[in-house]
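Results of the structural survey
The lines below spell out each chain.
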Amino acid sequence: MSVLKGRSLLEPMDFSVAELESIFELADEIIADPKAFAKVCDGDLLATLFYEPSTRTRLSFEAAMLRLGGSVLGFSDAGSSSVSKGESIADTIKTIACYADIAVMRHPKEGAPRVASYNSDIPVVNAGDGGHQHPTQTLTDLLTIRREKGRLSNLKIGLCGDLKFGRTVHSLINSMLRYDDIEFVLIAPEELRVPEYVIGEIEKSGKKYREVSTMESVLPELDILYMTRVQRERFFNEEDYVRLKDSYILDSDKMKLANEKMIVLHPLPRVNEISTSVDSDPRALYFKQAKYGMYVRMALIVKLLGKEVS
Ligand code: NCD
């Protein structure tokens with residue numbers, strides 16, 4: 001019986017390194033033979049409660065459940081649910097738990113999925129809460145790194161763009177702190193630097209890091225470049241967004257400066273920060289990363305529902 005059965009995933013640190021490894025090993029098995037898992041969740045129902053826009057996360061959860069033989073229901077626009085009538089998160093999840101076996105929630109308010117999990121007797125997965133955390137994107141990122149670099153330790157990772165509001169950045173840094181010989185290069189304009197609380201965690205771990213404001217000079221030394229979009233929806237005023245949105249644009253010329261084995265990741269959606277001319281570079285892995293995201297979510301669902309797979 002899986003030790004992850006019945007658990008919720010709210011922050012990446014909710015699962016130990018060994019538990020994460022068990023998810024990645026199952027994802028490897030699924031990637032090797034997806035058809036063998038086509039009926040594992042037959043009769044199970046996954047609910048997607050999305051109070052904020054999403055393409056990849058919601059559709060990859062839905063695709064994951066459907067590929068496991070389960071079914072999906074939910075809403076992708078809070079305006080079309082009873083939330084618009086003033087229903088609380090607690091009441092919504094208590095009701096959904098009567099219908100479904102597992103719920104995935106994205107919400108603009110930090111901590112909302114945690115409130116849901118306290119009121120739920122089915123597993124709740126945080127699919128992004130405000131500028132806080134996005135643990136299943138981190139599972140995606142870690143699986144991609146593990147498969148494409150062959151390891152999760154001994155890596156120098158550059159994170160570039162909106163490191164302040166980018167929840168995927170906060171979750172990824174948090175998780176990578178648990179692996180050996182990790183070094184961070186944090187590339188951001190002054191206003192979009194990593195929040196103090198995340199810097200505090202890096203310092204507590206004793207891992208090496210430095211904050212820089214240009215990408216050119218650090219490209220040759222990186223094993224991984226993790227690009228991010230400037231998070232327009234979290235800005236207080238449009239002027240600041242317009243001033244900062246094109247701070248970094250990765251293009252083919254800049255890729256010439258990078259190591260030939262460096263991989264480029266991005267949680268997507270992309271706006272301008274990676275020129276489409278980079279897409280054909282074999283080091284550009286962001287679309288492959290999106291595919292890994294579906295497989296790792298399949299593995300997560302199987303584990304949280306405690307399905308036996310032989
Ligand atoms: C990210 C998110 O929602 O935080 N997208 C995703 O889930 N793949 C990144 C982003 O929106 O910039």
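Residues numbered from 1 in each chain as written. Predicted model: local features only at pLDDT ≥ 70, side-chain atom pairs only at ≥ 80, totals over all residues. Heavy atoms only, no water.

1. Details of the packing of helix H6 (residues 167-176) against helix H7 (residues 196-205)
Their axes nearest at 10 Å, the elements H6 and H7 cross at an angle of 15 degrees. Comparing their axes, H7 and H6 come out roughly parallel. Relative to H7, the crossing made by H6 is left-handed. Across from His-170, Ile-173 and Asn-174 in H6, the residues of H7 making contact are Tyr-197, Val-198, Glu-201 and Ile-202. In the contact of H6 with H7, the residues fall into four nonpolar, two polar and one charged. (Axes fitted to C-alpha atoms, helices over the stretch in contact; angles between N-to-C directions. Helix = DSSP H or I, 4+ residues; strand = E, 2+ residues; numbered from the N terminus. Parallel < 35°, antiparallel > 145°, perpendicular 65-115°, else oblique. Left-handed = near helix turned anticlockwise from the far one by under 90°. Contact = heavy atoms within 4.5 Å. Nonpolar A, V, L, I, M, F, W, Y, C, P; charged D, E, K, R; others polar.)

2. Let's talk about the domain arrangement of the chain
For the chain, the assigned domains are domain 1 (12-134 + 293-304) and domain 2 (135-290). A separation of 25 Å is found between the C-alpha centroids of domain 1 and domain 2. Listed per partner, the contact involves 32 residues of domain 1 and 27 residues of domain 2. Where domain 1 abuts domain 2, roughly 2,600 Å² becomes buried across the two surfaces, and 55% of that area is made up of carbon and sulfur atoms. On the domain 1 side of the interface with domain 2, the three residues burying the most area are Phe-24, Arg-56 and His-134, jointly 26% of the side's total. (Domains from an automatic or database assignment. Buried area = accessible area lost by both parts, 1.4 Å probe.)

3. Brief notes about the site of the ligand
Taken together, the neighbourhood of the ligand is formed by Thr-57, Arg-106, His-134, Gln-137, Arg-167, Thr-168, Arg-229, Gln-231, Pro-267, Leu-268 and Pro-269. Take His-134: an N or O atom from its side chain is 2.7 Å from an oxygen atom of the ligand. A distance of 3.2 Å is found between a nitrogen atom of the ligand and a side-chain nitrogen or oxygen belonging to Gln-137. Protein chains bury 94% of the 310 Å² of accessible surface belonging to the ligand in isolation. Considered class by class, the residues forming the shell around the ligand number three nonpolar, five polar and three charged. (Near = heavy atom within 4 Å. Polar contact = N/O pair within 3.5 Å; in protein donor to acceptor, adjacent residues only side chain to side chain. Areas by Shrake-Rupley, 256 points an atom, 1.4 Å probe, with all protein chains shown as cover.)

4. Notes on the environment of Lys-288
Locating Lys-288 in the fold gives a position in helix H10 (residues 286-304). When the C-alpha positions of Lys-288 and Thr-144 are compared, they lie 8.1 Å apart, and in sequence the two are 144 residues distant.

5. Concerning the sheet that holds strand E6 (residues 182-187)
Reading across from one edge, E7-E6-E5-E8-E9 is the order of the five strands in this open sheet, with parallel pairing throughout. Looking at the sheet topology across the chains shown, the edges are occupied by strand E7 (208-212) and strand E9 (263-265). Pairwise comparison of adjacent strand axes, ignoring direction, gives a mean angle of 20 degrees for this sheet. Bridge count between strand E5 (residues 155-160) and E6: six bridges; the pairing is parallel. Across the sheet, Leu-155 pairs through a bridge with Ile-182, a residue of E6. Those strands touched by H6 are E5, E6 and strand E8 (224-227), and its axis lies near 165 degrees from that of E5. (Pairing = 2+ DSSP bridges.)

6. A look at the pattern of salt bridges
Under the criterion given, the structure shown has 23 salt bridges. Between Arg-58 and Glu-62 there is a salt bridge, with its nearest N and O atoms 3.4 Å apart. Placement of both Arg-58 and Glu-62 in helix H2 (residues 56-67) is noted, with a separation of four residues, approximately one turn of the helix. Judged by relative accessible area, which is 17%, Arg-58 ranks as buried. Glu-221 is the partner of Arg-210 in a salt bridge, and the nearest nitrogen-oxygen pair spans 3.0 Å. Residue Arg-210 is found in strand E7, and its partner Glu-221 is found in the loop between E7 and E8; the two are separated by eleven residues along the sequence. For Glu-221, a relative accessible area of 29% translates into the label partly exposed. Through salt bridges that share partners, Glu-21, Asp-28, Arg-146 and Arg-147 make up one connected network. (Salt bridge = Lys/Arg side-chain N within 4 Å of Asp/Glu carboxyl O. Buried < 20%, exposed > 50% of the residue type's maximum accessible area, 1.4 Å probe, protein only.)

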